[in-house]
Amino acid sequence: MSMTSIRKWTGLTALAAATVLAGSSAAIALGPTADQRADGVIVVSGNTCTWTNAKTSANPPTALTVDRTTINTPGGNLSCTGGITAALNNNPAFTFDDANGLAKTDAIDITGKQSFVSCRYKATNIAWNRDGATRKYLNQAFTATKTSGSFLCPGSVTTAAGGASMLFH
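Conventions we followed
- Residues numbered from 1 in each chain as written.
- Predicted model: local features only at pLDDT ≥ 70, side-chain atom pairs only at ≥ 80, totals over all residues.
- Heavy atoms only, no water.
- Helix = DSSP H or I, 4+ residues; strand = E, 2+ residues; numbered from the N terminus.
- Buried < 20%, exposed > 50% of the residue type's maximum accessible area, 1.4 Å probe, protein only.
- Contact = heavy atoms within 4.5 Å.
- Areas by Shrake-Rupley, 256 points an atom, 1.4 Å probe, with all protein chains shown as cover.
- Disulfide = S-S within 2.5 Å.
- Phe/Tyr/Trp six-rings, centres within 6.5 Å; stacked < 30°, edge-to-face > 60°.
- Salt bridge = Lys/Arg side-chain N within 4 Å of Asp/Glu carboxyl O.

## What about the overall build of the protein?
Right, on to step 1. What the protein contains, in helices and strands, is one helix and 12 strands.
Right, on to step 2. When the helices and strands of the protein are placed in sequence order, the string is α-β-β-β-β-β-β-β-β-β-β-β-β.
Right, on to step 3. Relative to its 169 residues, the protein shows a buried fraction of 46%.
Right, on to step 4. Within the protein, contacts between residues separated by at least 24 positions form 62% of all contacts whose residues are at least 6 apart in sequence.
Right, on to step 5. For the protein, the accessible surface area stands at approximately 7300 Å², while carbon and sulfur atoms represent 52% of it.

## Some details on the state of the cysteines
Right, on to step 1. Applying the stated criterion across every chain yields a total of two disulfides.
Right, on to step 2. Disulfide pairing places Cys49 opposite Cys80 at an S-S distance of 2.0 Å. Disulfide Cys49 to Cys80: torsion about the S-S bond roughly 110°, handedness right-handed. Pair noted here: Cys49 is in strand E2 (residues 47-55) and Cys80 is in strand E4 (residues 79-80), with a separation of 31 residues, a long-range link. Here Cys49 matches Cys80 in class, with each residue buried.
Right, on to step 3. Each bonded cysteine of the protein is numbered by sequence order, and under that numbering the disulfide pairs are 1-2, 3-4.

## Points about the packing of aromatic side chains
Right, on to step 1. All chains considered together, the criterion is met by six aromatic pairs.
Right, on to step 2. A ring pair is formed by Phe94 and Phe96, whose centres lie 6.3 Å apart and whose planes are at 15°; its orientation type is stacked. In terms of burial, Phe94 and Phe96 fall into one category: buried.
Right, on to step 3. Among the aromatic side chains, those forming a connected cluster through ring pairs are Phe94, Phe96, Trp128, Tyr137 and Phe168.

## Some words on the pattern of salt bridges
Right, on to step 1. Scanning the entire structure with this criterion turns up three salt bridges.
Right, on to step 2. The partner of Asp109 in a salt bridge is Arg120, with the nearest N and O atoms 2.7 Å apart. Of the two residues, Asp109 sits in strand E7 (residues 102-114) while Arg120 sits in strand E8 (residues 117-130), which places them 11 residues apart along the sequence.
Right, on to step 3. Among the residues examined, Asp109 registers a relative accessible area of 11% and is labelled buried.
Right, on to step 4. Taken together, the salt bridges that share partners define one network made up of Asp98, Arg130 and Arg135.

Right, dumping it as structure tokens:
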């Protein structure tokens, strides 16, 4: 496995984890009634990780957590292109600031694996911008730091703004 391939993989891993978090709120009615579910997408170096219908503990703008067991397989449907597998290690907590169209996630802790190489990354205090009057949020740029894994894994990976999204429904 080439170093470029490993860097793509570790970037994807960190970003997949980052796609699940958010901030404090003023109540603004946005869109139809929510069903306490969330879909996520992240694209890194041409690889894409997605999941649908993850369970949340509440509907935005109420503070909520996302249940990792409904993202990770076998209970969820997290899948990635490019031969990468990923698993979320925590239940990310989101808070919302509806007046300013922002959300914040406390932490995302994710492990990614490609072939025999496994890397674990954690990002904290991830900020998200709401997309118009929807419940879709796009990430602000953030850096995830390696917490464990192969020496082949970079020490940190950065996700560009808009490289991840969360849609609460």
